[in-house]
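Results of the structural survey
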Amino acid sequence: TRPPARVLAGTWGGEHVRLESTEHGGQLEFDCAHGSIEEPLSLDDEGRFSVKGTYLREHPGPLRPGREAGAHPATYSGEVHGTRMTLRVLLSGRSESESESDESIGPFALTFATTGRIRKCR
């Protein structure tokens, strides 16, 4: 049995997103958010992946008392074909002050060895 294929380690970038992939997971930057993946990005036979992580929204300026940001549980899924990746984010377990329904973010198109274009909240 061969070991599962993994997403190439290194920088993947696209419009509004950057992923620094490692053999153990990855760190993501979005325009007004960041996230982490705490498990290997293993690919199935069709180049698909689905992994758990966290997603944290960022806000411009100072936060008001009682509005401190918290990380949301997230599922990062998508597929890889060569040096191209499609990435989707599904947020779940949202805070009580927000809607209880899941929220889907993306899809994002990423390319390996590209830094991407991010416009951070300021």
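The text that follows walks through the structure, step by step, so that each part is easy to find. Owing to the predicted nature of the structure, the values given are computational and were not obtained by experimental measurement.

Points about the pairing of strand S10 (residues 103-112)
- In this sheet, S10 lies alongside strand S2 (residues 10-14) in antiparallel orientation, the contact comprising two bridges. Each residue of the ladder has a partner; that of Trp 12, found in S10, is Phe 112.
- Sheet topology places strand S9 (residues 84-91) next to S10; seven bridges connect them, and they run antiparallel. In the sheet register, Leu 90 faces S10, and the bridge partner there is Ser 104.

Notes on the pairing of S9
- A one-sided burial pattern is seen for S9, the buried positions being Met 85, Leu 87, Val 89 and Leu 91 and the unburied ones Arg 84, Thr 86, Arg 88 and Leu 90.
- Direction of pairing for strand S8 (residues 72-81) relative to S9: antiparallel, over a ladder of eight bridges. If you follow Val 80 over to S9, its bridge partner there is Met 85.
- Hairpin connection between S8 and S9: a loop of two residues separates the two successive antiparallel strands, and Gly 82 in this loop has a positive phi of roughly 65°.

Reading the values: rules and limits
The numbering scheme is per chain: residues are counted from 1 as the chain's sequence reads. Per-residue local features of the predicted model are confined to residues with pLDDT of at least 70, and side-chain atom pairs are confined, for both listing and counting, to 80 or more; whole-chain, interface and lining totals are unaffected and use all residues. Values reported for side chains reflect all heavy atoms of the structure, with hydrogen atoms and water molecules removed beforehand. Strand pairing is defined by DSSP finding a minimum of two bridges between the two strands. Strands are runs of DSSP state E lasting at least two residues, helices are runs of H or I lasting at least four, and both sets are numbered from the N terminus onward. Only protein chains enter the calculation, and the probe is 1.4 Å; a residue is then buried if its accessible area is under 20% of its type maximum, exposed if over 50%, and partly exposed in between.

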